Amino acid sequence: MCGEAYAMSAEVAQAMGPFAGFALNREPMLEVIGMHRAAAQRIDPMHVPLQLLSAARDAWTEAHELGSEHGIRNGQATVLAPTGTIAFMMDCDTTGIEPDIALIKYKKLVGGGMLKIVNQTVPKALKRLGYTEAQVKEILEYLDENETIEGAPHLKDAHLSVFDCAFRPMRGSRSIHYLGHVKMMAAAQPFISGAISKTVNVPADTTVEQIQEAYVDSWKQGLKAVAIYRDGCKRSQPLNTGKEKEKKVEPLVGLPAPEAKRAVRRRLPDERHAITHKFSIAGHDGYLTVGMYEDGTPGEIFLVMAKEGSAVSGLMDSFATAVSLALQYGVPLQVLVNKFSHVRFEPSGFTNNTEIPIAKSIIDYIFRWLGAKFLGREAAEANGVHLKPESAATLGPVAVSGAPIPVALVPGPGAPQSGPLSASGGDRDRTFQADADAPPCPDCGSIMVRNGACYKCMNCGATSGCS
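Residues numbered from 1 in each chain as written. Predicted model: local features only at pLDDT ≥ 70, side-chain atom pairs only at ≥ 80, totals over all residues. Heavy atoms only, no water.

Visitor: Account for the pairing of strand β3 (residues 199-202), with residues named and values stated.
Guide: Where β3 meets strand β4 (residues 227-230), four bridges bridge the pair, whose relative direction is parallel. Paired with Val-202 across the strands is Arg-230, a residue of β4. Considered for its hand, the β-α-β crossover made up of β3, helix α9 (residues 208-220) and β4 is right-handed. (Pairing = 2+ DSSP bridges. Helix = DSSP H or I, 4+ residues; strand = E, 2+ residues; numbered from the N terminus. Right-handed = clockwise from strand over helix to strand, strands pointing away.)

Visitor: Let's hear about the nonpolar core: which residues, and what values?
Guide: If you look at the biggest cluster of nonpolar residues, it comprises 27 residues, and the most contacted ones within it are Phe-279, Leu-288 and Phe-367. Elements with a contribution of two residues or more to this core: β6 (274-281), β7 (284-292), β8 (298-305), α10 (311-328), α11 (333-340) and α12 (362-374). With seven residues, α12 is the single largest residue contributor to this core. Contacts of Phe-279, omitting those with residues within four sequence positions, involve His-284, Asp-285, Gly-286, Tyr-287, Leu-288, Leu-303, Met-305, Asn-352, Ile-362 and Tyr-365. By size, the runner-up hydrophobic cluster in this structure holds 15 residues, among which are Val-122, Leu-143, Ile-149 and Phe-163. (Core = buried A, V, L, I, M, F, W, Y, C linked by side-chain atoms within 4.5 Å. Buried < 20%, exposed > 50% of the residue type's maximum accessible area, 1.4 Å probe, protein only. Contact = heavy atoms within 4.5 Å.)

Visitor: Requested: an account of the packing of aromatic side chains, with residues and values cited.
Guide: The description of an aromatic ring pair uses the distance of the two centres, along with the angle that the planes make with each other. Scanning the entire structure with this criterion turns up four aromatic pairs. Relative to Phe-367, the ring of Phe-319 lies with its centre 5.9 Å away and its plane at 80°, an arrangement referred to as edge-to-face. Pair noted here: Phe-319 is in helix α10 and Phe-367 is in helix α12, with a separation of 48 residues, a long-range link. Here Phe-319 and Phe-367 have matching classes, each one buried. Where Phe-340 meets Phe-367, the ring centres are 5.0 Å apart and the plane angle is 25°; that geometry is what we call stacked. Residue Phe-340 is found in helix α11, and its partner Phe-367 is found in helix α12; the two are separated by 27 residues along the sequence. Clustering of aromatic rings is evident, with ring pairs tying together Phe-319, Phe-340 and Phe-367. The aromatic ring of Tyr-293 is capped on one face by Arg-266, whose charged end is 3.9 Å from the ring centroid. (Phe/Tyr/Trp six-rings, centres within 6.5 Å; stacked < 30°, edge-to-face > 60°. Lys NZ or Arg CZ within 6 Å of the ring centre and 35° of its normal.)

Visitor: Could you give an account of a nonpolar patch on the surface, naming the residues involved and the relevant values?
Guide: A surface patch of nonpolar side chains, amounting to about 390 Å² of accessible area, comprises Phe-88, Met-89, Leu-109 and Leu-115. Relative to the helices and strands, Met-89 resides in helix α5 (residues 84-89). Look at Met-89 and you get exposed, because its relative accessible area is 67%. (Patch = residues over 30% accessible without salt bridge, like charges linked within 9 Å, V, L, I, M, F, W, Y side chains within 5 Å. Areas by Shrake-Rupley, 256 points an atom, 1.4 Å probe, with all protein chains shown as cover. Salt bridge = Lys/Arg side-chain N within 4 Å of Asp/Glu carboxyl O.)

Visitor: How would you sum up unusual backbone geometry? Please name residues and give values.
Guide: The phi dihedral of Glu-147 is positive, around 60°, even though this residue is not glycine. With respect to the secondary-structure elements, Glu-147 resides in the loop between α7 (133-146) and α8 (178-188). Judged by its relative accessible area of 17%, Glu-147 is buried. Positive phi values are uncommon outside glycine, yet His-154 reaches one of about 75°. Mapped onto the elements, His-154 comes out in the loop between α7 and α8. In this structure His-154 comes out as partly exposed when scored by relative accessible area, which is 40%.

Shown next as structure tokens:
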């Protein structure tokens, strides 16, 4: 152990005059330095290189002498910092004062996946214990295959404790007792004036009384801080003793066990109810036909563009087929609407639909219309559809193949309004209407509104590209 005292010169102390007492805190910290010096004197020379021991004793003696003469200004002389990440980057098997988590462990990566980490000191330990090259090879092969050294060939029971780690291996039963962590910290605490950054690992089945015992024992042995971590107490931890178990998949209702993991296609009946919607986006006309199941949910879509044989028409037809298969295999319409709404590409521009006045693309228009038609008013407003009060649909059942189908009943020209209007006359009187997907203004932070294909701030007049 080695340390260095931060001393204040007598000249600086004299220049500070009456304020020197605030910096020259001699007595408390001088006692701490004295405790370090005394602990260094008690080190058994049999367990430490003589040069290192001599340097440690000289360093603490000099620190005490300088502190007695000039005073000590720092609150702590030494601490033991966390070294987990640093040790991992340096390819160390253990992290400072911490024992190894396991001989074979798995580290979760931020970008996904896992990294298998194997302890590199096991071969050296086996050789020092007297095992031959052939025996070491067989033990390592067993360790790599079973992820535990317990039960390895040629390994003596008396040597098992040498390879105990902080966590119990997945296929083993041995680990370092949690009080062993406390004793390790108690052995190092006399040489450290501050606290020790170390985790006391306890198994998953530890009781409240055992954790209480660890805290009390830490206090009795003079530890300044203790942090207890129970294995598996968090939903996700960076280091594990084994790979995560595969979650059991319950069989789907009505399907035999062999087909439990297979998606089943729900075909529409030969005669089905359908809705056809005509739209126009920047001069490109098209027809959208939605086929529905008996319960009124969409099960297929057909897209027909006005100019047959064009690339747009072929792409839309193929895309409609893919979406239809997705709906029939159980993909929720909400997922498709969230994914494809506000996708931007040409052709885009103004439409003939007052509820969706501007479309960023044909795909954007189609899925915003589907969301407004089949997912309700809340989903429509979330996707930027400007629903008017009179278009708040009243649902009425229509019999199709013996089952009721929800159909929107639109009031006639002379019918009364079906929803309340605002004090300014409702949505019809609004010049601008904010969209849920509109970005904040880069100048003032207000939510912008659409202005053609771009956005405009109604607060300060800034634009995202359009004039």
